[in-house]
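Residue strings, one per chain:
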Amino acid sequence: MSVQPVDALGQMKSILVILAALTGSAVWGGHANFTETGLPPGLVFNPGTEPLTGQLVFLYLSNAWALERPLAQRKAPATVCSIDLCAKRVRLVVETPPVFTCALFAAPDGAALCVEYCDSLTRDAFASYGPATNALLYFEPKRLQRIVHLPAVPDERLFVGSNVFFKVHVGDPANYATRIVRCDPENTVTLEDSAGAPNWSSFEYRKRSDGQYVFFADRFRSEWNDPDSGRNLVVSPWTASWARIEDPRGKRLKRLARFRRRVLLDYMSPCHRYALMRRSAPAKGKVGELGGGVSTYYLIDLFTGKYRVLIEDAVANETHNYISYMVWVGEPPSTVSNN
């Protein structure tokens, strides 16, 4: 009786694919970073024991840094993915049509996602990417998706309930007109004036769950202090700008943490107890020389000041693929039956 060799690696990949099909999670070429789900090669997720809520959403685009290929051959679908921070599971949310470039925007509660993308090249002598005037809209919890074509590249976009608003400028650059495009899961309406438009000036300060404000105070007494990036993270009863007026000597400031290098305060957790910090650096090696980068995401407890590495993104350094910055949004929606 002959004995056939066992392909252990092939069997393991098959098991991972089956697990992904059963759980709705992602497997990237058989590369698994933790038990039930897979992550792209170069992306490491450190779950930890904190009671985290919400999800981290990001874009994954293959061959984005394959610069040896002709421009026309770099077109590929992009995938919106999410990491459920409670279940510690990866989910493939939606896939775009083939694109050259794309950018991800998300509603704070995770109820709607928007991917603005370019799917064409210019036809002049210097062929390059065309304008990103297409948008894939995805709405939870019914998992509806639609594509809209905008009259121009949006200057701003805002999520209000189940509506996505885009502010675009049309016409001659020296004498342009402003249009507001409102999209919901079924309809697209172009507003000729500001009637029915949202408040574009709305801004949310970084506020802890107890009402204290969180910001960086590296140059606290200077009007050039950047509250969203630095090394010294503090809390205060006031915002950074008001603290300079009400507390000019910083006596009411409380230092939360000091980082060895400059980091960016990206997002607050849905419960406002934690925050996501990011530090990006040029990538090393052959692929990195083509434009990739390495990003490290830190999770910080805004009450204790303790922080640790949550995500390590070296995808562009290890492959020709691209991952957007992580966006922390609200709870993953429950599954909705199509029956």
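It should be noted that the structure appears before, not after, this text.
Residues numbered from 1 in each chain as written. Predicted model: local features only at pLDDT ≥ 70, side-chain atom pairs only at ≥ 80, totals over all residues. Heavy atoms only, no water.

Visitor: Would you take a moment to explain the overall build of the protein chain for this structure?
Guide: Along the protein chain, the regular secondary structure elements total 4 helices and 20 strands. A total of 339 residues make up the protein chain; the buried ones form 41% of that total. Here the contacts in the protein chain between residues at least 6 apart in sequence split such that 51% fall between residues at least 24 apart. With an accessible surface of roughly 18200 Å², the protein chain has 52% of that area assigned to carbon and sulfur atoms. (Helix = DSSP H or I, 4+ residues; strand = E, 2+ residues; numbered from the N terminus. Buried < 20%, exposed > 50% of the residue type's maximum accessible area, 1.4 Å probe, protein only. Contact = heavy atoms within 4.5 Å. Areas by Shrake-Rupley, 256 points an atom, 1.4 Å probe, with all protein chains shown as cover.)

Visitor: Explain empty space enclosed by the protein here, please?
Guide: It is the rolling of a water-molecule-sized probe over the atoms that shows where space remains empty. With the rule as written, the count across this model stands at 2 cavities of 30 Å³ or more. Estimated volume of the largest cavity: approximately 40 Å³. Contributing to the lining of the largest cavity are Q55, V57, R91, V93, G110, L113 and E140. Here the lining of the largest cavity is composed, by residue class, of 3 nonpolar, 2 polar and 2 charged. (1 Å grid on protein atoms, 1.4 Å probe; cavity = no way out; pocket = protein on both sides within 12 Å on 5 of 7 lines; lining within 4 Å. Points joined across faces, edges and corners; volume = space filled by probe spheres on them. Nonpolar A, V, L, I, M, F, W, Y, C, P; charged D, E, K, R; others polar.)

Visitor: Even after reading the chapter, I still don't get the nonpolar core, so can you show me in this structure?
Guide: L56, I83 and I311 are the most contacted members of the largest nonpolar core, which totals 21 residues. Among the elements of the structure, β1 (43-45), β2 (55-61), β3 (76-84), β16 (274-282), β17 (293-301) and β18 (307-313) are those that each provide at least two residues to this core. If you tally residues by element for this core, the top one is β2, at 3 residues. The residues contacting I311, other than those within four sequence positions of it, are L43, V44, F45, L56, I83, S295, T296, Y297 and M326. (Core = buried A, V, L, I, M, F, W, Y, C linked by side-chain atoms within 4.5 Å.)

Visitor: How do you make sense of the sheet that holds strand β11 (residues 177-183) when you look at a structure like this?
Guide: Paired through their backbone hydrogen bonds, the strands of a sheet run either parallel or antiparallel. The 4 strands are arranged β9-β10-β11-β12 in an open sheet whose pairing can be described as antiparallel. In the strand order of this sheet, the two ends are held by β9 (156-160) and β12 (188-191), each with one partner. Across the sheet, the axes of successive neighbouring strands diverge by a mean angle of 20°, strand direction being ignored. Two elements, β9 and strand β10 (residues 163-170), share 5 bridges in a ladder whose sense is antiparallel. By the bridge assignment, R157 is partnered in β10 with F166. (Pairing = 2+ DSSP bridges. Axes fitted to C-alpha atoms, helices over the stretch in contact; angles between N-to-C directions.)

Visitor: Help me out: how do you make sense of the packing of aromatic side chains in this one?
Guide: Two numbers describe a pair of aromatic rings. These are the distance of the centres and the angle of the planes. Tallied over the full model, the rule gives 3 aromatic pairs. Seen from their ring centres, Y298 and Y307 are 6.0 Å apart, and the 85° between their planes marks the pair as edge-to-face. The class of Y307 is partly exposed, set by a relative accessible area of 34%. Here the aromatic residues F259, Y298 and Y307 are joined through ring pairs into a cluster of three or more. One Lys or Arg, R278, reaches over the ring of Y325 and ends 3.6 Å from the middle of that ring. (Phe/Tyr/Trp six-rings, centres within 6.5 Å; stacked < 30°, edge-to-face > 60°. Lys NZ or Arg CZ within 6 Å of the ring centre and 35° of its normal.)

Visitor: Mind showing me how you'd approach the pattern of salt bridges here?
Guide: Here the idea is simple: oppositely charged side chains can pair when their charged atoms come close. Taken as a whole, this structure holds 8 salt bridges when the rule is applied. Across the pair D210 and R208 runs a salt bridge whose closest N-O atoms are separated by 2.7 Å. Of the charged contacts in the structure, one is a salt bridge between R278 and D266, with a shortest N-O distance of 2.8 Å. Placement of R278 in strand β16 and of D266 in strand β15 (residues 254-268) is noted, with a sequence separation of 12 residues between them. Accessibility assignment for this pair places R278 and D266 in one class, buried. (Salt bridge = Lys/Arg side-chain N within 4 Å of Asp/Glu carboxyl O.)

Coordinates in, geometry out; function isn't part of it.
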